[in-house]
Amino acid sequence: MAVVAVIVNHLLGWPSGGFVGVDVFFVISGFLITGLILRERERTGRFSIVGFYGRRIRRILPAALTVLIATTAVGWFVFNKTRAWETIWDAVSAFFLAANWRFAVTGTDYFQQTDADSPLQHFWSLSVEEQFYLVWPALLLLLFAIGMALARGNRERSGRRIRIVVIVAMGLISVASFAFAMWETRENAEIAYFSTFTRVWELGVGAVLAAAAPLFLRLPVALRFVLGWAGLAGIVASFFVIDASKPFPGPWAALPVVATAVVLLAGIGGPQRYLFPISNPVTTFLGNISYSLYLWHFPVIVFVPLFLVEATLERTLITAGLIFVISVLAYLLIEQPLHHSPWLRSFSDAGVTDAGVTDAEARRVARATARSEAWARWQEKFGSQFILSTLALLVVVTVVIIAAGFSSRGQAPQAAPEASQQNAANPLDQARADLSAALSATAWPDNLSPSLDDALRTTSNDNPARGCFEPGSTPDFGGCTWGSGDAPHHMYVVGDSIALTYAPAFRQIADNSDGQWKITTIGLYGCRFTDVLVQNDGDGVMDSCTQRKQDIADRIASDQPQLVVVANAFALGQSSDGRALSTTDMVSSTASLASRFNSAGKIVYLAPPPLGADLDACYSQVSNPGDCVVDIDPAWQDFSAATQAQAQASGDHYIDALAVNCVDGRCPAFAATWPTKYDTVHLTTAYSEHIAPAIRRLFADQGLM
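Residues numbered from 1 in each chain as written. Predicted model: local features only at pLDDT ≥ 70, side-chain atom pairs only at ≥ 80, totals over all residues. Heavy atoms only, no water.

Some remarks on the overall build of the chain
Next up, step 1: Counting its regular elements, the chain contains 25 helices and twelve strands.
Next up, step 2: In the chain, which comprises 705 residues, the proportion classed as buried is 48%.
Next up, step 3: Considering only residue pairs separated by 6 or more positions, the chain has 79% of its internal contacts joining residues 24 or more positions apart. (Helix = DSSP H or I, 4+ residues; strand = E, 2+ residues; numbered from the N terminus. Buried < 20%, exposed > 50% of the residue type's maximum accessible area, 1.4 Å probe, protein only. Contact = heavy atoms within 4.5 Å.)

Structure follows, in structure tokens:
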């Protein structure tokens, strides 16, 4: 049930809380693994860490490593190079059990992602689980020693004392972890979601329940019936009650965690045959292959849309079918055979010594014989299954490759489509012709400069004004000014990262103005130039934003330039105190800040480029330029109308800059030989420089230059 909820949530976005199936996994894992360790200790009087990790490796590594290798290989041949390398590093972090920290550090938001999904993002939960099991067995050994000391060596009493010690110790750890989860979720929700420290309590609840299991062996059947159904109802309810708006994991993960613990508690006394939704043959089979289902579902969900772009019912059914078939084959071919293989098993047990073998050399021979016989039995049991599964896998791979070839829309790269040369006196006409030609392209150009891969990798690092927009103390205004220092006209371009993305264009304008203009480009990326402080989670942004705006406003008021260009993102936000800000709020607040410039009638509100396509997702080796063409987003249109009205009311000016970004409401990913953006928002430095004449013409058309 839990794995199906996770898969359906990732595939359809429904139910809203399907992702809590992972929390169900955590509780079950803590319960099963801790129970196995405790029973081994009580049965044999010892616990082998070597044996424990041997079992974990056989259970986890082969299937996981197969997915990592297969995913990175496919990604290398279908993703763009930037995303392919990101996938490789995701795989490396997953292999070393650190995927959750990689996603936390890179700022991945599980609920509200703007970047393309990593096909290995789901490995975060496996990393959390295995990090727990790197520590928990060693801690249990210490707790066993404490329990034995309290029992004063009495074996009969030691089992009970050890369980009490485990309950107390893990209970305290779980309480501390839950408290930390509450705090971290409030302070930094992205890190809280992936953090091991905010998830330990979920595994801990299962561990505590396993240690306390003997207390519940004699529960009345009627009570077990009620508890089982109540817990199951709680799990199902969590799938629908919880959504991205709920603080998670603290405190809302408590609902599926407690509900799962109740279901487990109800089953301690024996099988729950009356709980048919989770005890029927279908769910039992799905439970057996749940690990393979979880491992394979997300790569399939990420890769299929590269070949089948339209979100149709057929694509959903194909994706679901591939997940199921690949998972079953992987279970039969890899997971089950290697899990039950003699690999990493110890043969120095009682079975050898009981054979009367005492000599060291004879014992070595006996162990080798036992191992050989174990492999022979394994081969006899799984040999035919392995062969048939391999043949089936080859058939599936062949069908998928053929289908992918037919569905691939990518064509061999070719030179960028040439637009007809327009009147050089009007660069806006040439910009429109270049964009129109790009909209008709059927293959990615091979002569873009920079290439799209380079643009994705470089981002804003080659922007000459980047240092004028970084957090910290306010930069030197002279170092952020382009053109002749003796120019008779002075312009300021201020704002957030939108002003930064236009800065190369204005540098070109200043340098090519024959000494007529000097232009200062300065601001702070992530800091909306509004009177109200808009919340931003970028490092150092909130600490620098207010002072940066004040310093710039004071300098503009003092310099009295001929023009002040204000360029902000057209996006909603919330104030630093959590108040939601509407389009009207944002626009009026921008005008309020502009009034502090003491430049009435000289303010030019320059609109950002409309949101572009997510290049990480739409640009690949199997896509074509049409996959990255987008329409002007409604939010941009709302902001544009409101900003234009505000400018007219105050006697200022508004420029929408659509002429250098879109044609007839459609916006391509490149124009002529230049990628237009390196993400959904920001222009590449090369394209910003290229459109400088067109930007100047837009200003000239309004009599501003």
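Further notes follow.
So, the domain arrangement of the chain
Bring the parts together and some accessible area is lost; that lost area is often taken as the interface size.
Next up, step 1: The assigned domain composition of the chain is domain 1 (1-268 + 276-347) and domain 2 (460-611 + 632-659 + 687-702).
Next up, step 2: The gap between the C-alpha centroids of domain 1 and domain 2 is 47 Å. (Domains from an automatic or database assignment.)

Concerning a nonpolar patch on the surface
Next up, step 1: The grouping of Ile57, Leu61, Trp76, Phe77, Trp85, Trp89, Val92, Phe95, Phe96, Trp343 and Trp375 at the surface amounts to a nonpolar patch, some 1100 Å² of accessible area in total.
Next up, step 2: Within the residue set of the nonpolar patch, elements represented by two or more residues are α3 (49-78) and α4 (81-95).
Next up, step 3: By the secondary structure assignment, Phe77 is in helix α3. (Patch = residues over 30% accessible without salt bridge, like charges linked within 9 Å, V, L, I, M, F, W, Y side chains within 5 Å. Areas by Shrake-Rupley, 256 points an atom, 1.4 Å probe, with all protein chains shown as cover. Salt bridge = Lys/Arg side-chain N within 4 Å of Asp/Glu carboxyl O.)

Brief notes about unusual backbone geometry
Next up, step 1: Between Trp14 and the following residue, Pro15, the backbone shows a cis peptide bond with an omega angle of -10 degrees.
Next up, step 2: Residues Ser449 and Pro450 are joined by a peptide bond in cis, for which omega reads 0 degrees.
Next up, step 3: Relative to the elements of secondary structure, Pro450 occurs in the loop between α17 (427-439) and α18 (452-458).
Next up, step 4: Of note in the backbone geometry, Thr459 takes a positive phi value of approximately 50 degrees without being a glycine.
Next up, step 5: Take Thr459: it is sitting in the loop between α18 and β1 (481-483).
Next up, step 6: Its identity is not glycine, yet Asp664 carries a phi of approximately 55 degrees, on the positive side.
Next up, step 7: By the element assignment, Asp664 lies in the loop between β9 (653-655) and β10 (666-667).

Concerning the packing of helix α21 (residues 583-594) against helix α23 (residues 634-650)
Next up, step 1: At a minimum axis distance of 10 Å, the contact between α21 and α23 shows a crossing angle of 40 degrees. One way to sum up the angle between α21 and α23 is to call them oblique. As for how α21 packs across α23, the hand of that crossing is right-handed. Here α21 contributes Thr583, Met586, Val587, Ser588 and Ala591 to the contact with α23, which in turn contributes Asp638, Phe639, Ala642, Thr643 and Gln646. (Axes fitted to C-alpha atoms, helices over the stretch in contact; angles between N-to-C directions. Parallel < 35°, antiparallel > 145°, perpendicular 65-115°, else oblique. Left-handed = near helix turned anticlockwise from the far one by under 90°.)

What about the confidence of the model for the chain?
Next up, step 1: Model confidence for the chain is summarised by a mean pLDDT of 90, while 92% of its residues fall at 70 or above.
Next up, step 2: Predicted confidence is poor over residues 110-114, with pLDDT under 50, and the contacts of this stretch with residues over four places away or in other chains come to 13 contacts.
Next up, step 3: Below a pLDDT of 50 lies the segment residues 349-355, which in the model reaches six contacts outside its immediate sequence neighbourhood of four places, other chains included. (pLDDT = per-residue confidence, 0-100.)

So, the layout of surface pockets
Next up, step 1: Approximately 1700 Å³ is the volume found for the second largest pocket.
Next up, step 2: Of the residues that constitute the lining of the second largest pocket, the class distribution is 27 nonpolar, 14 polar and nine charged. (1 Å grid on protein atoms, 1.4 Å probe; cavity = no way out; pocket = protein on both sides within 12 Å on 5 of 7 lines; lining within 4 Å. Points joined across faces, edges and corners; volume = space filled by probe spheres on them. Nonpolar A, V, L, I, M, F, W, Y, C, P; charged D, E, K, R; others polar.)

Let's talk about the packing of helix α9 (residues 200-211) against helix α11 (residues 254-267)
Next up, step 1: α11 packs onto α9 with a crossing angle of 20 degrees between their chain directions and a minimal axis gap of 10 Å. As far as their axial angle goes, α11 and α9 are roughly parallel. Read as a crossing pair, α9 and α11 show a hand that is right-handed. On the side of α9, the interface is formed by Trp201, Glu202, Val205 and Leu209, while α11 contributes Ala254, Val257, Ala261, Leu264 and Leu265.

Some remarks on helix α10 (residues 221-241)
Next up, step 1: In a regular helix each residue adds 1.5 Å, so 21 residues correspond to 30 Å; α10 covers 30 Å between its end C-alpha atoms and thus fits that length.
Next up, step 2: What α10 keeps buried is the set Arg224, Gly228, Gly231, Leu232, Gly234, Ile235, Ser238 and Phe239. All buried residues of α10 lie within an arc of 150 degrees about the axis, which places them on one face of the element.
Next up, step 3: Of the surrounding secondary structure, the elements contacted by the buried residues of α10 are α1 (2-12), α2 (21-44) and α11. (Expected span 1.5 Å × (residues − 1). Arc of directions from axis to C-beta.)

Topic: the nonpolar core
Next up, step 1: Among the nonpolar cores identified, the biggest contains 90 residues, and Met491, Val494, Tyr502, Phe506, Phe597, Ile695 and Phe699 are the most heavily contacted of them.
Next up, step 2: With nine residues, helix α19 (residues 497-511) is the largest single contributor of residues to this core.
Next up, step 3: Beyond its immediate chain neighbours, meaning those up to four positions away, Met491 contacts Phe506, Trp517, Lys518, Ile519, Thr520, Leu563, Val565, Phe699 and Met705.
Next up, step 4: One finds Leu68, Phe144, Val200 and Ile289 within the second-largest nonpolar core, a separate group that totals 84 residues. (Core = buried A, V, L, I, M, F, W, Y, C linked by side-chain atoms within 4.5 Å.)

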